[in-house]
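Here is what each chain is made of, one letter per residue.
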Amino acid sequence: MEQRTLLALMVFSSLIVLAETNDQKPAVEIYSLHVDCKVTSRFAHTVITSRIVNRANESREATFEVELPKTAFITNFSMSIDGQVYPGIIKEKAAAQDKYDSAVSQGQSAGLVKITDRKLEQFHVSVSIAAASKVTFELTYEELLKRQLGKYELLIKVRPKQLVKHFQIDVHIFEPQGIQFLETDSTFMTNELTEALTKEQNETKAHILFKPTLDQQKKNSELDETLLNGDFVVRYDVKREATAGDIQIVNGYFVHYFAPQEMPVFPKNVIFVIDRSGSMTGRKIEQTRDALLKILQDLRQEDHFSFITFNHKVVEWKSSLLPATEENVASAAALVQALTARGGTDISGALLAAVGVLEKAEGLPERSVSMIILLTDGQPTSGERNVEVIQENVQKAINGKYALFCLGFGFDVSYKFLEKMALSNGGIARRIYENADAALQLQGFYQEVATPILMQIEMQYPENSIEGLTKNNFKLFFEGSEIIVSGKISNELDLLPVEIKAQSHTSNLTLKEEANVKEKEQVFQNQKYIFGNFIERLWAYLNIQQLLEKVISAQEEDQKALEAQALDLSLRYSFVTPLTSMVVTKPQQQEELANKPTESDNEKPSNLPAGVAAGVRGMRPADRLRSELQTASNRKMFSTVSRFRDALRAPPIANEHPQLLLQLPRQNERICLNIDKRAQTSVPLLSDPEQGLTVTGKLGDGINHFVQFDINYVNPPVQIHVYTHAILVSHNNKNNWMSWTTSNSSTIQGLKVSVEKERSVTASLPDTVTVKISLVRFPDDFLGLYFLNTDRFSDKVTGVLGQFYSKAQFESNSNNDQRAVERLLRVSGSEHKVSRLYKKDYRLESASDPVSCWSIDLTP
């Protein structure tokens, strides 16, 4: 029987190797692993070569995994087994997919590439190798490094999981402008490993070599465990002298880099449009608050700002923009700290309100930049819900006057919807991942757009001498970034002139430069760092990226022409893009596909009744319409597909509330908990001795929900009894009744108990978990319990509910399938089969916005 051993190489390059064997030394061994990265004028060409031997006396299966940047395009892959080479062939995606779909329907693998992280996607292929055989994997990808906050960054995530005899990372950098600074960083470096790192650098070139020996890789001399586990980072920037940027030319193709420095910053007029709907409850609203408080401190005194918060209601903080004075910033901070989440999601109303505030703003600086920054975690469920109508109305209202930046928090949001809306209005979209550093992601995005120094930039070149010019008009330029334009010189020119027109804070600028073509081409002659016609490949890469971006916001009749251009370039230059596929043929003629995933691929499926989404569920939103058109063979079928499309816009349906709802700590998962217990019996929900907190609950008579919660604190010694008719606070034998009919609060030795009229009661104590209970009046009166700041729970927390905060873990899913409907959950040593359901959220004021959760039934 064939044994299976898992080996993985991950490169972002990220290097991962896993081996499942009974011996200390892996039977399937990576004896050589080489990452060779050549960065020439920002364009990176990376080749990963892994050589593996099967030392077992029987066949074993090896899995090769490479994590690469989402912005990179795979250009080549091959595997060589005992002298036989199996290359990857790049084809048009539609043609390759037709053949592959039939293989998938027969139960074969579902593709080689998937998104694994906010920066990474993973290439994955496995192959069986015979006893004593060797296999060599080689993967090549290319990317254009993006300058952010004044630097370029190359990240290599190193995690081999075993010792590698010949382990080597080479990074070669050649920047004709000159290297301004160069640094390396690592999260796993020790004194011994530092000796394996060398760096050579002169004016324009650098070589970084990391080549640890087996002994240097070991955690200690006795165990064969590797130290290589973490990030290896190279950061650098280039020198800039010419005011009009730097032009580089190779074989008739040019690239123009423009990144002016030390220019005055435009004052900003910024409106933050913040989603406070029920789905933002918990960690997301907490992280949003943390980020906004930091962002407020980063506002410049000359900036003007305001806030609009929204759920099913849109609330303007102030009727006009305010200058970012110390007093106004402090007032806004108080608003941010009081943000709570409940209700539906009226994205349309909030954005139109933001445009209205900018339209009527008075007293703003004459030369300033106006922008709207939207943060939302869901799809529109209140007000206008048709996303196409929303996009059209917002674009019409903005009318090119303001920039719109859209941030999508998590995977319940439609990234496609936000991306089109942002790109159509001079901005960009970004997904914020629900990780521990979500607040830092939000702050990082703001820093990128916080310092506009130019607007209305036009990069002009001689029209009769340049072909295939990439984007050369830009609405805004932010300090620390870079504008890149590329094209083909069609006529023989001695000099390539360029003229840049732009608006700065103080004046209108015109910058001119002339590049001597022969002198520029001489720079790249006989350089060992150069890989082929790299500027031509850079031009093709940039063209494809920009064409695909145009497709998103283009009219339907223009999309096919843009896609055809992008497809032609992808095939001509052998790039795996969203329009092409790499067909990998393995031994026994088995074929697998490597497709380029998009950000929308990682989203959760639409939540429709069974059968409605058949044939379209699981498909990337960007491809959904195209697929419908291809498969609709007649008008009747097209009408049916149209009805499916309309159904996809409908909000999810949920008919009942859960008894208890919680967000698993450090996991992007919610649990809906139902307790099988007779009514009137006290349920020990949670106890944390280190927090000095105990919570019990009672189920109602005749309804399957809680009607009473008892909260007990040790210090101060306070008992809070929450009923559906009132709240009783007891301390030192004194009772204080609080009514649901009015908003009021009481503080006892730092413990604050606050009642929000007919909505909720909150118990908060410094450095302690916050307890919150919602009151639901319809159809039956009941109470819903949840907690905030759950990272403050100790490892000793117990109870029917408490155990989930310390001892709950989902069984790892090797396929990382976020569309799964059933999973296995381990809690306190027990295993529970859980199912994904959609429930009403008792944390909401309105029941119009259901929540996805894993449902579990427990008997205390």
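Predicted, not measured: the structure shown is a model, and the values here were computed from it. Within any chain, residue numbers begin from 1 and follow the written order of that chain's sequence. Residues qualify for local features only when their pLDDT is at least 70, as the model is predicted, and side-chain atom pairs are given and counted only at 80 or more; totals for whole chains, interfaces and linings, by contrast, use all residues. With hydrogens and water stripped out, all remaining heavy atoms of the structure feed into the side-chain values.

How should I be thinking about the overall build of the protein in this particular structure?
Helices and strands together make up the secondary structure of the protein, namely 14 helices and 49 strands. Buried residues are those whose accessible area, probed at 1.4 Å on protein chains only, stays under 20% of the maximum for their type, while exposed residues exceed 50% and partly exposed ones sit between those limits. Sorting the 860 residues of the protein into buried and exposed places 56% on the buried side. Long-range contacts, defined here as pairs at least 24 residues apart, represent 67% of the contacts in the protein between residues at least 6 apart. Surface exposure here means Shrake-Rupley accessible area, sampled with a 1.4 Å probe, where a residue is shielded only by the protein chains that are shown. Accessible area of the protein: about 37,300 Å², with a carbon and sulfur share of 45%. Here a helix means four or more residues in a row that DSSP labels H or I, a strand means two or more in a row labelled E, and each is numbered from the N terminus. Note on definitions: a residue-residue contact is assigned when non-hydrogen atoms from the two residues lie within 4.5 Å.

Sorry if this is basic, but what is going on with the side chain of Asp 303 here?
Secondary-structure assignment places Asp 303 in the loop between helix 4 (283–298) and strand 19 (304–310). Since its relative accessible area comes to 0%, Asp 303 is described here as buried. For Asp 303, the residues in contact, after removing those within four places along its chain, are Phe 266, Pro 267, Lys 268, Leu 322, Pro 323 and Ala 324.

Could you clarify how one ought to interpret helix 6 (residues 347–359) in this entry?
Note on helix geometry: an α-helix contains 3.6 residues per turn, so any two residues three or four positions apart are oriented the same way. Expected helix span is taken as 1.5 Å per residue step, with the number of steps being one fewer than the number of residues. Taking 1.5 Å of rise per residue, the 13 residues of helix 6 would be expected to cover 18 Å, and the 18 Å separating its terminal C-alpha atoms lies within 8% of that figure. Listing the buried residues of helix 6 in full gives Ile 347, Ser 348, Ala 350, Leu 351, Ala 353, Ala 354, Val 355, Val 357 and Leu 358.

I tried to follow the packing of aromatic side chains on my own but got confused; where do I start?
In this description, a pair of aromatic rings is defined by centroid distance and the angle of the planes. What counts as a ring pair is set by centres within 6.5 Å for rings of Phe, Tyr and Trp (its six-membered ring), and what kind of pair is set by the plane angle: stacked under 30 degrees, edge-to-face over 60, tilted for all other angles. In total, this model carries 33 aromatic pairs according to the counting rule given. Taken together, the ring pairs in this structure connect Phe 272, Phe 305, Phe 307, Trp 317 and Tyr 446 into an aromatic cluster. In this scheme, the term charge over a ring applies when either NZ of a lysine or CZ of an arginine sits within 6 Å of the ring centre and within 35 degrees of the ring normal. Over the aromatic face of Tyr 257 sits the side chain of Arg 42, whose NZ or CZ is 3.7 Å from the ring centroid. In this structure, Arg 823 is placed above the aromatic ring of Phe 810, and the distance from its NZ or CZ to the ring centre is 4.3 Å.

Could you clarify how one ought to interpret the nonpolar core in this entry?
Nonpolar side chains tend toward joint burial in soluble globular proteins. Counting 61 residues, the largest nonpolar core has Leu 660, Leu 685, Ile 720, Leu 785, Phe 787 and Phe 804 as its most contacted members. If you look at the next biggest cluster of nonpolar residues, it comprises 57 residues, including Ala 62, Ala 72, Phe 137 and Ile 179. Think of a nonpolar core as a cluster: buried Ala, Val, Leu, Ile, Met, Phe, Trp, Tyr and Cys residues, connected wherever their side-chain atoms sit within 4.5 Å.

Would you mind going over the pairing of strand 4 (residues 60–69) with me for this structure?
One face of the sheet, then the other: side chains in a regular strand alternate in exactly this way. Of all the ten residues making up strand 4, ten are buried; the element is thus mostly covered by neighbouring parts of the structure. Here, strands pair whenever DSSP counts at least two bridges between them. Sheet topology note: the strand 4/strand 8 (residues 120–129) ladder contains ten bridges and is antiparallel. By the bridge assignment for strand 8, Ala 62 is matched with Val 127.

So what exactly am I meant to see when it comes to the environment of Thr 288 here?
Structurally, the position occupied by Thr 288 is in helix 4. You can call Thr 288 buried: its relative accessible area is 0%. A sequence separation of 14 residues divides Thr 288 from Ile 274, and the C-alpha atoms of the two residues are 8.7 Å apart. Apart from residues no more than four positions distant in its own chain, Thr 288 is found in contact with Ile 274, Met 280, Leu 375, Phe 409 and Leu 442. A distance of 2.8 Å separates the side chain of Thr 288 from the backbone oxygen of Lys 284, its partner in a polar contact. In protein, a polar contact requires one atom able to donate a hydrogen and another able to accept it; more generally it is a pair of N or O atoms within 3.5 Å, and residues adjacent in sequence count only if both atoms are side-chain atoms.

How do you make sense of the sheet that holds strand 48 (residues 830–839) when you look at a structure like this?
The six strands lie next to each other as 33-34-49-48-47-46, forming an open sheet whose pairing is mixed. The two strands at the open ends of the sheet, each matched to only one other strand, are strand 33 (660–663) and strand 46 (808–810). The mean angle between the axes of side-by-side strands here comes to 35°, regardless of whether they run parallel or antiparallel. Both strand 34 (residues 670–675) and strand 49 (residues 851–858) contribute to a ladder of five bridges, which runs parallel. Counted as the bridge partner of Ile 675 is Leu 858 from strand 49. To get an axis, fit a line to the C-alpha atoms, keeping to the stretch in contact for a helix; angles then go from 0 to 180 degrees between the N-to-C directions.

Which parts of the structure should I look at to understand the environment of Leu 751?
Positionally, Leu 751 belongs in strand 42 (residues 751–756). For the pair Leu 751 and Ala 763, spaced twelve residues apart in sequence, the C-alpha separation works out to 6.9 Å. Not counting residues within four places of it along the chain, the set of residues in contact with Leu 751 comprises Tyr 713, Pro 716, Val 718, Ser 746, Ser 764 and Leu 765.

Mind showing me how you'd approach the pattern of salt bridges here?
Side chains bearing opposite charge may pair, as long as their charged atoms lie close to each other. Note on definitions: salt bridges are taken to be side-chain nitrogens of Lys or Arg within 4 Å of carboxyl oxygens of Asp or Glu. Tallied over the entire structure, the rule returns 31 salt bridges. In this structure, the salt-bridge partner of Arg 147 is Asp 237, at a minimum N-O distance of 3.0 Å. Separated by 90 residues along the polypeptide, Arg 147 in the loop between strand 9 (134–144) and strand 10 (152–159) and Asp 237 in strand 15 (residues 230–238) bring together distant segments of the chain. For the pair shown, Arg 147 and Asp 237 are each scored as buried. The shortest N-O distance in the salt bridge between Glu 153 and Arg 235 comes to 2.9 Å. On the criterion of sequence distance, the pair formed by Glu 153 in strand 10 and Arg 235 in strand 15 is long-range, its members being 82 residues apart. Relative accessible area serves as the criterion here: at 33%, Glu 153 is assigned to the partly exposed category. Members of the salt-bridge network, linked through shared partners, are Arg 42, Arg 147, Glu 175, Asp 237, Arg 240 and Glu 482.

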